[in-house]
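# Tertiary structure, described
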Amino acid sequence: MKAYGTVFKYGDNVDTDVIIPARYLNSSDPAELATHCMEDIDKEFVNQVKKGDIIVAEKNFGCGSSREHAPIAIKAAGVSCVIAETFARIFYRNAINIGLPIIECPEASKGIEAGDEVEVDFDSGMIYNRTKGTEFKGQAFPEFMQKIIKAEGLINYINNQ
Amino acid sequence: MKAMTMTQKILAAHAGLPYVEAGQLIEADLDLVLGNDITSPVAIHEMDKMAKQDVFDKDKIALVMDHFIPNKDIKSAEHCKCVREFACSHDITNYFDVGEMGIEHALLPEKGLTVAGDVIIGADSHTCTYGALGAFSTGVGSTDMAAGMATGKAWFKVPSAIRFNLVGKPKKWVSGKDVILHIIGMIGVDGALYRSMEFTGEGVQNLTMDDRFTIANMAIEAGGKNGIFPVDDLAVAYMKEHSKRPFTVYEADPDAAYDEEYTIDLGALEPTIAFPHLPENTKTISEITEDIKVDQAVIGSCTNGRIDDLRCAAEILKGRRVKKGVRCIVIPATQKIYLQAMEEGLLKTFIEAGAVVSTPTCGPCLGGYMGILAAGERCISTTNRNFVGRMGHVDSEVYLASPAVAAASAVTGKISAPSELGL
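Residues numbered from 1 in each chain as written. Chains lettered and ligands numbered in written order. Predicted model: local features only at pLDDT ≥ 70, side-chain atom pairs only at ≥ 80, totals over all residues. Heavy atoms only, no water.

The next subject is the overall build of chain B. Within chain B, the regular secondary structure consists of 13 helices and 18 strands. In terms of overall size, chain B behaves like a compact globule, its C-alpha atoms giving a radius of gyration of 20 Å where 423 residues would be expected to give roughly 22 Å. Within chain B, contacts between residues separated by at least 24 positions form 76% of all contacts whose residues are at least 6 apart in sequence. Accessible area for chain B stands at about 14300 Å²; split by element, carbon and sulfur atoms hold 51% of it. Within chain B, one finds 40 positive and 55 negative side-chain charges whose respective centroids are separated by 4 Å. (Helix = DSSP H or I, 4+ residues; strand = E, 2+ residues; numbered from the N terminus. Rg over C-alpha atoms; globule rule 2.2 N^0.38 Å. Contact = heavy atoms within 4.5 Å. Areas by Shrake-Rupley, 256 points an atom, 1.4 Å probe, with all protein chains shown as cover. Lys, Arg positive; Asp, Glu negative; His and termini not counted. Charge placed at Lys NZ, Arg CZ, Asp CG, Glu CD.)

What follows is the structure, encoded as structure tokens:
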């Protein structure tokens, strides 16, 4: 499984309130949530994002609320992968559980800029910055989580058991 | 046998293992699975996709309608209707709707549904609150909630821990909120990422149960997986008063390993305020040199809507007036607290001071309703997050503080300690 896309870059502590503000949580429709994704941190995101694009951020991405609407909105907006130095733990669980690929990689977070073209190989955990010609090794998931990701989420994984 | 932290012992017991260590992936049995009106509809939708449609135990699921309740708009009403129908069709024992509901993390301990030794997951990040009673409780998302409702189990990575050794006794007007804001200011919003925050030491006895709920509640604001307190006589008395459920007391081994240890002298703490836009941006009241005018004061939430909080705010507002131009919104966290506040005359004090008193709701804390801020407005709030746009417009500001500071600030119209009122 691979991802290839243009990077949207953010800093530390991108919280779930800016990923999907609570004023839109009266909906749980992924397509509707996607139209407000990142609205309070980057108004242009929804106008610019294309299917397959990649979000790269620094420390503690997805901190705050447990709202699964946050990774749902990101996935429904077309984002293929989120790379960060670290993720907040509930966001990390939620992303795996809904089948949104995420990778922790401090070096990639530092070595990738907005607008770079990036390719991610989820099987090897390798991240290639095609714009700059650099590469990084992301942290591999434990086998248990790989099974959930391969099943495209926790519910399918449980159904398959 | 190797040593374990308090959290590790609870997880080991629920995974059927004699010993667990940090980093180990386990599957644990759940004593309670919680959801609210925002997260449960997503979980119910996920459950619809499952091969197994039944819930694992209708008595071990709590569905609390509290965020946008009473329904703030048609879409919220649809969400609540979805949960109501699910609760009815699955005969969920602990379904709390208007008239019975309260803010979930104040309500569940009060109803006796959370006790020491439990493993609890909730599709709400502040589920970590029940650590005050010596339970392992942590926030998850809706899919984990769905899996938990169906199977009664959840997977966890066993956390390592940070120990906070509390000593001394807080001064007047210093409460649990100041303790946790001080800690978050010290270690940062990711200072406890993926880890347990274990609060110990002789200073614990000088914290009320409501103080402990507030401290455990905000463990998530330091990135913590859970916050947990030892089970002392006060915690036992609380559980005996509120619950019929048996509880199990776990203690950390004396030689348990901790990633970091901090000693905090509660007697040295001052009223502490978190500035926009992160809970780690803290200053003590004496470090604030300029006047910071406020447009609104919110006293409530899962963090600070309990009876101690209301008593503290009322003590300050008694015989005083909310400054003209400031909106002061008081939200008792549950019906029981509301009634108690009424019987103690606290509500009269609030209303005579010019505050409004609302039915229990999470409303303003997350910018849902009941106190949304306009561009450029500023709120002093006893809630738990001050992120960009958290309480309304993206250009509004939230300052987090204790009920004492919020009440005093409502009177002066600027961020103030009760001492500014001669208290």
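The next subject is the packing of helix 6 (residues 176–187) of chain B against helix 7 (residues 209–217) of chain B. The description of two helices packed together rests on the angle between their axes and the distance between the axes. Residues and elements named next belong to chain B. In contact at an axis separation of 8 Å, helix 6 and helix 7 are set at 25° when each is read in the N-to-C sense. Here helix 7 runs roughly parallel to helix 6, going by the angle between their axes. Judged by the sense of rotation from one axis to the other, the crossing of helix 6 with helix 7 is right-handed. Contacts from G176, K177, V179 and I180 in helix 6 reach D211, T214 and I215 in helix 7. Taken together, the residues that form the contact of helix 6 with helix 7 break down as three nonpolar, two polar and two charged. (Axes fitted to C-alpha atoms, helices over the stretch in contact; angles between N-to-C directions. Parallel < 35°, antiparallel > 145°, perpendicular 65-115°, else oblique. Left-handed = near helix turned anticlockwise from the far one by under 90°. Nonpolar A, V, L, I, M, F, W, Y, C, P; charged D, E, K, R; others polar.)

Bringing the interface of chain B and chain A into the picture now. Each side of the interface is counted separately: chain B has 48 residues, and chain A has 42 residues. Here chain B packs against chain A, burying approximately 3600 Å² in sum over the two surfaces, 58% of which is carbon and sulfur. Seen at the junction of chain B and chain A, the total is four salt bridges. For A:E32, the salt bridge is made with B:K75, and the minimal N-O distance between the two is 2.4 Å. At the junction of chain B with chain A, the criterion picks out 21 residue pairs in polar contact (both at pLDDT 80 or more). Secondary structure elements with two or more residues in the side of chain B that touches chain A: helix 2 (40–48), helix 3 (74–89), strand 6 (136–139), helix 5 (142–151) and strand 7 (153–157) of chain B. (Buried area = accessible area lost by both parts, 1.4 Å probe. Salt bridge = Lys/Arg side-chain N within 4 Å of Asp/Glu carboxyl O. Polar contact = N/O pair within 3.5 Å; in protein donor to acceptor, adjacent residues only side chain to side chain.)

On to helix 7 of chain B, then. In terms of residue burial, helix 7 of chain B counts as a mostly covered element, since nine of its nine residues are buried. By the burial criterion, the buried members of helix 7 of chain B are B:M209, B:D210, B:D211, B:R212, B:F213, B:T214, B:I215, B:A216 and B:N217. (Buried < 20%, exposed > 50% of the residue type's maximum accessible area, 1.4 Å probe, protein only.)

Across all of its chains, the model carries 35 salt bridges over all chains by this definition. B:D59 serves as the salt-bridge partner of B:K58, at 3.6 Å between the closest nitrogen and oxygen. Judged by its relative accessible area of 35%, B:K58 falls in the partly exposed class. The closest approach of N and O atoms between B:D73 and B:K72, which form a salt bridge, is 3.5 Å. Taken together, the shared-partner salt bridges connect A:K2, A:E119 and A:R130 into one network.

As for its position among the elements, B:S125 is in the loop between strand 5 (119–122) and strand 6. Not counting residues up to four positions away in its chain, the partners in contact with B:S125 are A:G64, A:S65, A:S66, A:I90, B:G139, B:I220 and B:R385.

Since there are 3.6 residues in each turn of an α-helix, residues three or four apart along the chain are aligned in direction. Residues and elements named next belong to chain B. Within helix 5, nine of the ten residues are buried, which leaves it mostly tucked inside the rest of the structure. Turning to helix 5, its buried residues number three or more, namely S142, T143, D144, M145, A146, A147, G148, M149 and A150. Following helix 5 by one or two positions, G152 has its phi on the positive side, about 75°.

Further remarks concern the side chain of B:S243. If you trace the backbone, B:S243 turns up in the loop between helix 8 (233–242) and strand 11 (260–265). A polar atom in the side chain of B:S243 sits 2.7 Å from the backbone oxygen of B:G112.

It is worth spelling out the packing of helix 2 of chain B against helix 5 of chain B at this point. Residues and elements named next belong to chain B. Closest axis-to-axis distance for the helix 2/helix 5 pair is 8 Å, and the angle between their directions is 55°. The orientation of helix 2 with respect to helix 5, classified from their angle, is oblique. The element helix 2 and its partner helix 5 pack so that their crossing is right-handed. Of helix 5, the residues touching helix 2 (which contributes S40, V42, A43, E46 and M47) are S142, T143, M145, A146, M149 and A150. Looking at side-chain class alone, the contact of helix 2 with helix 5 contains seven nonpolar, three polar and one charged residues.

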